[in-house]
Amino acid sequence: MKSTPQAQQLIRRFEGLRTQAYRCPAGIPTIGYGHTQDVKIGDRITPEQALELLLGDIARTEARIDTLLQVTLNPNQYDALVSFTYNIGARQLAGSTLLRKINQNPDDPDIRRQFQRWIYAGGQPLPGLIRRRQAEADLYFTPPGPTTANT
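In this report, we go over the structure that sits alongside the text. (Residues numbered from 1 in each chain as written. Predicted model: local features only at pLDDT ≥ 70, side-chain atom pairs only at ≥ 80, totals over all residues. Heavy atoms only, no water.)

So, the nonpolar core
Here's step 1: Leu 69, Leu 81, Leu 93, Ile 102 and Phe 115 are the most contacted members of the largest nonpolar core, which totals 32 residues.
Here's step 2: Every element with two or more residues in this core is listed here: helix H1 (5-15), helix H2 (47-68), helix H3 (75-88), helix H5 (97-104), helix H6 (110-116) and helix H7 (127-140).
Here's step 3: Looking at this core element by element, the count peaks at seven residues for H3.
Here's step 4: Not counting residues up to four positions away in its chain, the partners in contact with Leu 81 are Ile 65, Leu 69, Leu 73, Leu 93, Leu 98 and Ile 102. (Core = buried A, V, L, I, M, F, W, Y, C linked by side-chain atoms within 4.5 Å. Buried < 20%, exposed > 50% of the residue type's maximum accessible area, 1.4 Å probe, protein only. Helix = DSSP H or I, 4+ residues; strand = E, 2+ residues; numbered from the N terminus. Contact = heavy atoms within 4.5 Å.)

Here is the structure:
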């Protein structure tokens, strides 16, 4: 499956753009819109490079999610899961109760609570993660809008 631009917007909003490498609250060297692969403190990139990294990271995130999902999600559910997984990583998603519940019943109301459990970095709840999980859960439970066929 492929996420919509809504997933990218959500990720960009919560990750923010940083063109110089920094350590995220979990202590991981990070750059751009939350990119962590092969990042060293001192690295610098342009906004265009950050967007390129983001698009590649989203594609890899989608590919991993697709191997873990056993059900079909609507676009809002999938976008929310892409944002969530982009932030925590596919390895964490794979062992999560959130994924288990989604695979058992994607409409289970307890899924909202499962999103809310992932608000910690470095053992501390972070206000930004609290807001992000709320936005992801809200999107997950927003019914998709009507689609119109192009004629």
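Text resumes after the structure shown.
Here's the deal with the pairing of strand S1 (residues 18-23)
Along any regular strand, the residues point their side chains to alternate faces of the sheet.
Here's step 1: Here S1 pairs with strand S2 (residues 29-32) via three bridges, running antiparallel. Paired with Arg 18 across the strands is Gly 32, a residue of S2.
Here's step 2: Hairpin geometry of S1 and S2 is characterised by an intervening segment of five residues between the two adjacent antiparallel strands and by a positive phi of about 85 degrees at Gly 27. (Pairing = 2+ DSSP bridges.)

Remarks on the environment of Gln 70
Here's step 1: As for its placement among the helices and strands, Gln 70 is situated in the loop between H2 and H3.
Here's step 2: Placed 46 residues apart in sequence, Gln 70 and Cys 24 show a C-alpha to C-alpha distance of 32 Å.

Side note on the side chain of Asp 108
Here's step 1: Looking at where Asp 108 falls in the secondary structure, it is placed in the loop between H5 and H6.
Here's step 2: The class for Asp 108 is buried, based on a relative accessible area of 17%.
Here's step 3: A polar atom in the side chain of Asp 108 sits 2.8 Å from the backbone nitrogen of Asp 110.
Here's step 4: Residues in contact with Asp 108, not counting those within four places in the same chain, are Lys 101 and Phe 141. (Polar contact = N/O pair within 3.5 Å; in protein donor to acceptor, adjacent residues only side chain to side chain.)

Re H1
Each α-helix winds once per 3.6 residues, and so residues spaced three or four apart point in a common direction.
Here's step 1: Within H1, the full set of buried residues consists of Ala 7, Leu 10, Ile 11 and Glu 15. Down the axis of H1, the buried side of the element spans an arc of 115 degrees, and every buried residue falls inside it. Exposed side chains of H1 directed beyond 90 degrees from the buried face belong to Pro 5, Gln 9 and Arg 13.
Here's step 2: Close packing links the buried residues of H1 with H2, H3 and H7.
Here's step 3: One or two positions beyond H1, positive phi appears at Gly 16, with a value near 70 degrees. (Arc of directions from axis to C-beta.)

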